Amino acid sequence: MKVLILTDIQYDFLPGGALAVPEGDSIIPKINKLQKYFPMVVATQDWHPAHHLSFASAHPGKKVFDTTQLGDTEQILWPDHCVQGTKGAELSQELSLNRVAAIFRKGMHPEIDSYSTFHDNEYKNSTGLSDFLKGKGVKEVYIVGLAGDFCVGFSALDAIKEGFSTFVIEDGTKPIDKEGFEQMKAKIMKQGGKFIQSSSILSE
Ligand code: VGL
Ligand code: ZN
């Protein structure tokens, strides 16, 4: 059993959004086409309370993309994004949700960030996604969405740790930073994750 995970396809990560991923919108038509090749599809949503500690605005004197220590993690400070209940936090209306069985939210703890859709960055809380997938008999996880060098990448690393065969559909994701994505890709492949193109699935 395989699952397709649609990661954080939210207005704030799309062109015009608070933390826009370059060309982030270009992957949506492909992701919509991919869905019917999977018996299960789930989506994720970055879902921060206002004044979240991952926001630069919560740290007087700090600028966006500065870093600070949060717990054991060196935290990148982001623009305010994906605040609960705002338009920027909504999943794109271009994204087909008809086959999405469940939406897993993350980043809700006011003081801990969460890139992975499985665990927060401090490994204190899980989203329940791993148990959900295991309960459904999922063995293979395919990941698409935003951003390739953060939520997609960290989710792939956690999926591997959780014992899933893990695939990132490379043309189904876009990074914030291309170089950061190459480093993330190397890390994922070293742990046994695979990178594939959507064409290999669409031609099945
Ligand atoms: C993300 C930075 C901050 C992501 C979320 O979804 O990749 N990146 N919060
Ligand atoms: Zn976030």
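About the thresholds
Residues numbered from 1 in each chain as written. Chains lettered and ligands numbered in written order. Predicted model: local features only at pLDDT ≥ 70, side-chain atom pairs only at ≥ 80, totals over all residues. Heavy atoms only, no water. Near = heavy atom within 4 Å. Polar contact = N/O pair within 3.5 Å; in protein donor to acceptor, adjacent residues only side chain to side chain. 1 Å grid on protein atoms, 1.4 Å probe; cavity = no way out; pocket = protein on both sides within 12 Å on 5 of 7 lines; lining within 4 Å. Sits in = over half its atoms within 2 Å of the grid points. Nonpolar A, V, L, I, M, F, W, Y, C, P; charged D, E, K, R; others polar. Helix = DSSP H or I, 4+ residues; strand = E, 2+ residues; numbered from the N terminus. Expected span 1.5 Å × (residues − 1). Buried < 20%, exposed > 50% of the residue type's maximum accessible area, 1.4 Å probe, protein only. Contact = heavy atoms within 4.5 Å.

(A) Inspection of the site of ligand 1 at higher detail. Surveying the vicinity of ligand 1 reveals the residues Asp8, Phe13, Leu19, Asp46, Trp78, His81, Tyr115, Leu146, Ala147, Phe150 and Cys151. A distance of 3.1 Å separates a nitrogen atom of ligand 1 from a polar side-chain atom of histidine 81. In the model, an oxygen atom of ligand 1 is placed 3.0 Å from a nitrogen or oxygen of the alanine 147 main chain. When atoms are counted within 2 Å of each cavity's grid points, the one that captures over half of ligand 1 is the largest cavity. The class makeup of the residues in the shell around ligand 1 is eight nonpolar, one polar and two charged.

(B) Just helix α3 (residues 148-161), in detail. Along its 14 residues, α3 runs 18 Å from first to last C-alpha, staying within 8% of the 20 Å computed at 1.5 Å per residue. Taking burial as the measure, the 14 residues of α3 include twelve buried ones, the bulk of the element. Taken residue by residue, α3 has Gly148, Asp149, Phe150, Cys151, Val152, Gly153, Ser155, Ala156, Leu157, Asp158, Ala159 and Ile160 as its buried positions. On its buried side, α3 packs onto β1 (2-7), β4 (73-76), β5 (100-106), β6 (140-146), β7 (165-174) and α4 (178-190). Glycine 163 sits one or two residues past α3 and shows a positive phi near 95°.

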